Amino acid sequence: MLYTVGDTHGNQYKWVEQIEPILSPSDIILICGDFGVGFWNGRYWSEETFYDFLSEQEYTVLFIDGNHENFDKLNSYPVETWCGGNVHKIRNNNVIHLMRGEVYCIDGNTIFVMGGGYSIDKYRRTEGVSWWSQEMPSEEEYLSALANLDKVGNNVDYIITHTAPSETVYYLSTLRSLGIKNDVIQEQPLTSFLDEIQRKVTYKHWYFGHFHVDLELWRNQTAVLSCVRELETGKVVRQWDSYEG
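Asker: Is there a simple way to think about the packing of helix α5 (residues 166-174) against helix α6 (residues 188-200) in this case?
Answerer: What describes two packed helices is the angle between their axes and the distance between those same axes. Close contact between α5 and α6 brings their axes to 7 Å; oriented N to C, the two are set at 110°. What the angle tells us is that α5 and α6 run roughly perpendicular. Note on element contacts: α6 touches α5 through Thr191, Ser192, Asp195, Gln198 and Arg199, opposite Ser166, Glu167, Thr168 and Val169.

Asker: I'm lost on the packing of aromatic side chains in this one. Help?
Answerer: Within a pair of aromatic rings, the relevant descriptors are the distance that separates the centres and the angle that separates the planes. Counted by the stated rule, this structure contains 17 aromatic pairs. Taken together, a centroid distance of 6.2 Å and an interplanar angle of 75° make the contact between Phe39 and Trp132 edge-to-face. Separated by 93 residues along the polypeptide, Phe39 in the loop between β2 (28-31) and α2 (47-55) and Trp132 in the loop between β8 (109-114) and α4 (139-151) bring together distant segments of the chain. Aromatic pair Tyr203 and Trp206: ring centres 5.5 Å apart, planes at 75°, arrangement edge-to-face. Connected via pairs of aromatic rings, a cluster forms that spans Tyr13, Trp15, Phe35, Trp40, Tyr44, Trp45, Phe50, Tyr51, Phe53 and Phe63. Between the NZ or CZ atom of Arg219 and the centre of the ring of Trp218, over which it lies, the distance is 4.0 Å.

Asker: Looking at this model, I keep getting lost on the environment of Asp52. Mind explaining?
Answerer: Mapped onto the elements of the fold, Asp52 is located in helix α2. Asp52 sits 163 residues away from Leu215 along the chain, and the two C-alpha atoms are 33 Å apart. A distance of 2.9 Å separates polar atoms of two side chains, one belonging to Asp52 and the other to Arg91.

Procedures and definitions
Residues numbered from 1 in each chain as written. Predicted model: local features only at pLDDT ≥ 70, side-chain atom pairs only at ≥ 80, totals over all residues. Heavy atoms only, no water. Axes fitted to C-alpha atoms, helices over the stretch in contact; angles between N-to-C directions. Helix = DSSP H or I, 4+ residues; strand = E, 2+ residues; numbered from the N terminus. Parallel < 35°, antiparallel > 145°, perpendicular 65-115°, else oblique. Contact = heavy atoms within 4.5 Å. Phe/Tyr/Trp six-rings, centres within 6.5 Å; stacked < 30°, edge-to-face > 60°. Lys NZ or Arg CZ within 6 Å of the ring centre and 35° of its normal. Polar contact = N/O pair within 3.5 Å; in protein donor to acceptor, adjacent residues only side chain to side chain.

Bear in mind that shape data such as this cannot, by itself, settle questions of function.
Here it is in structure tokens:
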């Protein structure tokens, strides 16, 4: 079974208490950014021991990057090809970073991914320690994404991103109770790019994280955080109270 979940932020409690229990051998779970590379040290294990634990499981962990990753560490892994696209293999064949702008064929599904986002809490973080400028995509990554989509006729089954198209961000901002801002200018190059993807690419469903809400939206788009959903149906198979402080 293919599942998706929102930001994990290196939270071992969230993984062990909520995500791990629903996964069976051969399952695949896809994290919509802010997996937490560089931030998995916790009560249960050190980060490397946590990755070792995941590598011993019979399910597969796939993730795109968000804006809360140690990009120096993430980019230190060699680039390999897997399921038709470039990846970083964190452990073996079952803990894998899906790289920006790539298209993969996974269990018969074509999946386009685009990581990256802007940290509105950048002012509280330290460059090279808790914040990295690579959080936003480069022009090369945008162009590569368009080229990869062109190769598949701009037609995929699923889109997985961290942030959302700017039109969707605006829609979220109109839901006043959520407190989501529509004026993060620094993220607009990416959200505007995702608008272009939304207009030109045919897809069944689009999942994204970043905004710390669980909400089914317009245009077959779903924001995810505190639940695990079946990728194909969108069905919630596990829900929990937010671990976010």
